[in-house]
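A structural walkthrough
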Amino acid sequence: MRRPWEKFGGALVKRETKPNKPLLCQGIKTRSTMPRGRETSEDVRKKVVTAHQTGESYKTISKRFQLHPSTVRQIIYKWRALGITTTLPRCGRPSKLSQRSTRKIIMQVKANPRITSRELQTSLSASGINVHASTIRRNINRHGIHGRVARRKPLLSRKNKAARLKFAREHLDKPEAFWKSILWTDESKIELYGHNHRRHVWKKVNTEFKEKNLLPTVKHGGGNVKVWACFSASGPGRLHIIQGTINSQGYQQILDQNLLPSVKELKLGRIWIMQQDNDPKHSSKSTKEWLKRKKICTLDWPSQSPDLNPIEMLWQDLKRAVHARCPSNLSQLAKFCKEE
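Here is a short report on the structure shown in this document. What you see is a predicted model, and the numbers here were worked out from it, not measured in a lab.

Turning our attention to the side chain of H52. One can find H52 in helix α1 (residues 42–53). In this structure, H52 is in contact with Y58, I61, I76, W79 and R80, ignoring residues within four places of it in sequence.

Have a look at this one:
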């Protein structure tokens, strides 16, 4: 090692030294300029540990898997100390919500699924905890609970639930041929502008009030058309436009004009079953007598069960197809319904 001082003529003289080159000039990358490498995969880490167990050295493992020796050393050190090779959870900013506060939120959400994040925020503020509503939502999501649109279902009493459960148990093991022999029937109301509850448009900023970007609204949907229709497993039957209000006699006339012709068109054969709900005009005494005279067998149907009838899905398809053609008046609406 050369000393900075040396003897010259009996006196100590400081040696002139050249200034050291910066580390970058010497070809050495400093910590600040060293790029961050890609994280080693879990599969490679397991292979490194396996190679170490077979007696290979760090240098051999490093060359074999093209890893830095320090990376190999760190993988094996973690495996020796903790018995794992997975990446441990990294510490971050401490949560503003304690475990006790989070448990309180989860309990409130389970007790009342309709509670909003703003209401939870107010509840926490009363306890002296001030957090944003998005923080509350993230903590709820971590527990596997997410905010979704609630499904709409008929309001059911205990009697309705028992009847629906009985119907399900009785028909659980029915063969496929039984369901193919059923003619499903129902009435529905199709509004002129009723399908435009929500629609997306392509627009530029500050052009939301241009006429082409607006969704026109009218009172009571702009009028409506009431229809009766039926279908089976082999396809859709006839569709009848209902004029005005309908009672038991009017319902029987609709069945007389459309029911048997639909059965013949759908080729249901001699043994078939008609399904209808428990609407008063369907279950009236005169309608039951009419069905008995015509020797039409009906399916026992539980009350408050429109969601069990698969024709509801066809109504949605029909309304979507009709409104895609943009009818401008009720006569066009009725025409498009029959065509679709």
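Listed as buried for helix α11 (residues 285–293) are T287, W290 and L291. Angular distribution of buried residues about the axis of α11 spans 95 degrees; they occupy a single face of the element. α11 presents K285, K288, K292 and R293 as exposed residues on the side facing more than 90 degrees away from its buried surface. Buried residues along α11 sit against α9 (248–266), β6 (273–275) and α10 (280–283). Looking one or two residues past α11, K295 carries a phi angle of roughly 55 degrees, positive in sign.

What follows is about the nonpolar core. Core analysis: the largest hydrophobic core is formed by 22 residues, its most contacted members being L299 and L333. Counting only elements with at least two residues in this core, the list comes to β3 (182–191), β4 (224–232), α12 (311–324) and α13 (330–339). Once you skip the residues sitting within four places of it in the chain, L299 turns out to touch F167, H171, F178, I182, I273, M274 and Q275. C230, L268, M274 and W290 belong to the second-largest nonpolar core, a separate cluster that totals 16 residues.

Turning to the packing of helix α4 (residues 99–111) against helix α5 (residues 117–126), a few remarks are in order. Put simply, α4 and α5 touch, their axes get as near as 11 Å, and they point 140 degrees apart. In this view, α4 runs oblique relative to α5, as classed from their interaxial angle. The way α4 lies across α5 gives a crossing that is right-handed. Residue-level inspection shows S101, K104, I105, Q108 and V109 of α4 in contact with α5, the latter providing L120, S123 and L124. Taken together, the residues that form the contact of α4 with α5 break down as four nonpolar, three polar and one charged.

What follows covers the pairing of strand β5 (residues 235–242). Looking at chain direction, β4 and β5 are connected through six bridges and run antiparallel. The partner of A229 across the bridge, within β5, is L239. Adjacent in sequence and paired antiparallel, β4 and β5 are bridged by two residues.

Strand order in the open sheet formed by four strands is β5-β4-β3-β6, and the pairing between neighbours is mixed. The sheet terminates laterally at β5 and β6, the two strands that pair on one side only. Strand-to-strand twist of the sheet, defined as the mean angle between neighbouring strand axes without regard to direction, takes the value 25 degrees. The pairing of β3 with β4 spans eight bridges and is antiparallel. Paired with K189 across the strands is K226, a residue of β4. Sitting on the sheet, α9 touches β3, β4, β5 and β6, and the angle it makes with β5 is about 160 degrees.

On to a positive patch on the surface, then. Together, R118, R137, R138 and R142 line one region of the surface with positive charge. Element by element, the count of residues in the positive patch is highest for helix α6 (residues 133–142), at three residues. Within the secondary structure, R138 sits in helix α6.

With eight of ten residues buried, β3 is to be regarded as a mostly interior element. Pairing between β3 and β6: three bridges, direction parallel. Bridge assignment links L183 to a residue of β6, and that residue is M274.

Below, the discussion takes up the packing of α4 against α6. Here α4 crosses α6 at 80 degrees, and the two axes come no closer than 10 Å. Classified by the interaxial angle, the pair formed by α4 and α6 is roughly perpendicular. Contact residues: α4 offers T102, I105, I106 and V109, while α6 offers I136, N139 and I140. Grouping the constituent residues of the contact of α4 with α6 by class yields five nonpolar, two polar and no charged.

What counts, and where the lines are drawn
- Residues numbered from 1 in each chain as written.
- Predicted model: local features only at pLDDT ≥ 70, side-chain atom pairs only at ≥ 80, totals over all residues.
- Heavy atoms only, no water.
- Helix = DSSP H or I, 4+ residues; strand = E, 2+ residues; numbered from the N terminus.
- Contact = heavy atoms within 4.5 Å.
- Buried < 20%, exposed > 50% of the residue type's maximum accessible area, 1.4 Å probe, protein only.
- Arc of directions from axis to C-beta.
- Core = buried A, V, L, I, M, F, W, Y, C linked by side-chain atoms within 4.5 Å.
- Axes fitted to C-alpha atoms, helices over the stretch in contact; angles between N-to-C directions.
- Parallel < 35°, antiparallel > 145°, perpendicular 65-115°, else oblique.
- Left-handed = near helix turned anticlockwise from the far one by under 90°.
- Nonpolar A, V, L, I, M, F, W, Y, C, P; charged D, E, K, R; others polar.
- Pairing = 2+ DSSP bridges.
- Patch = residues over 30% accessible without salt bridge, like charges linked within 9 Å, V, L, I, M, F, W, Y side chains within 5 Å.
- Areas by Shrake-Rupley, 256 points an atom, 1.4 Å probe, with all protein chains shown as cover.
- Salt bridge = Lys/Arg side-chain N within 4 Å of Asp/Glu carboxyl O.
- Lys, Arg positive; Asp, Glu negative; His and termini not counted.
- Charge placed at Lys NZ, Arg CZ, Asp CG, Glu CD.

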